[in-house]
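# Examining the three-dimensional arrangement
Next come the chains, spelled out residue by residue.
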Amino acid sequence: MYSKVAVVLLFLALAGCYYDSEEDLYPPVSCDTSNISYSLDIVPIMATSCLNCHFNGSSIGGGLNLEGHAALKASAENGSLVGSVTHASGFSAMPKDASKLDECKIRKIKAWVQAGSPDN
Ligand code: HEC
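Residues numbered from 1 in each chain as written. Predicted model: local features only at pLDDT ≥ 70, side-chain atom pairs only at ≥ 80, totals over all residues. Heavy atoms only, no water.

Listed in full, the buried residues belonging to helix α3 (residues 69-77) are His69, Leu72, Ser75 and Ala76. In an axial view of α3, the angular spread of the buried residues amounts to 130°, which keeps them on one side of the axis. Turned more than 90 degrees away from the buried face of α3 sit Ala70 and Glu77, all of them exposed. Buried residues in α3 make contact with α2 (38-49), α4 (80-85) and α5 (103-114). Just downstream of α3, Gly79 is the residue with a positive phi angle, here 90°. (Buried < 20%, exposed > 50% of the residue type's maximum accessible area, 1.4 Å probe, protein only. Helix = DSSP H or I, 4+ residues; strand = E, 2+ residues; numbered from the N terminus. Arc of directions from axis to C-beta. Contact = heavy atoms within 4.5 Å.)

In the region of the ligand, 20 residues are neighbours, and Cys50, Cys53, His54, Met94 and Lys96 sit closest. A distance of 3.0 Å separates an oxygen atom of the ligand from a polar backbone atom of Ser92. In the model, an oxygen atom of the ligand is placed 2.8 Å from a nitrogen or oxygen of the Lys96 side chain. Here the ligand is seated within the largest pocket. In terms of residues, the shell around the ligand owes the most to one element, α4, which gives 4 residues. Considering only residue class, the shell around the ligand consists of 11 nonpolar, 8 polar and 1 charged. (Near = heavy atom within 4 Å. Polar contact = N/O pair within 3.5 Å; in protein donor to acceptor, adjacent residues only side chain to side chain. 1 Å grid on protein atoms, 1.4 Å probe; cavity = no way out; pocket = protein on both sides within 12 Å on 5 of 7 lines; lining within 4 Å. Sits in = over half its atoms within 2 Å of the grid points. Nonpolar A, V, L, I, M, F, W, Y, C, P; charged D, E, K, R; others polar.)

Printed below as a string of structure tokens:
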């Protein structure tokens, strides 16, 4: 009897997770993640929140240069770009010692990475 209750509760908990991820898949219209452009959408985010530490020759950002398309694409492809801005476990949370990027900026970065991090 109690185990049936547990199964129902487990099902409800899983259903809750399912709806959470559906919100990620269909973001609010106020955040446009279609046709994300490296130069128009991604560079401004990087310039504002990241490049003060991550430029060529800087040791402030752990020696990681994220300036220019090729450099950023490398971090996009190894998962560390999305991992760091989403504060995923196993990655250093970025921007370092500052608040998380707003949700729309994170969605734009994810969309750009999912599109294959194009130089557009
Ligand atoms: C105040 C300086 C600073 C800022 C601002 C900053 N970073 Fe970093 N970042 C670092 C340091 C230092 C490291 C080396 C790892 C550590 O010490 O946490 C690092 C590491 C990283 C890594 C490698 C993480 C890993 O776990 O492999 C990525 C990717 C990264 N930063 C991306 C970003 C992005 C994207 C932004 C902007 C949203 C940003 N950083 C802003 C200092 C900074």
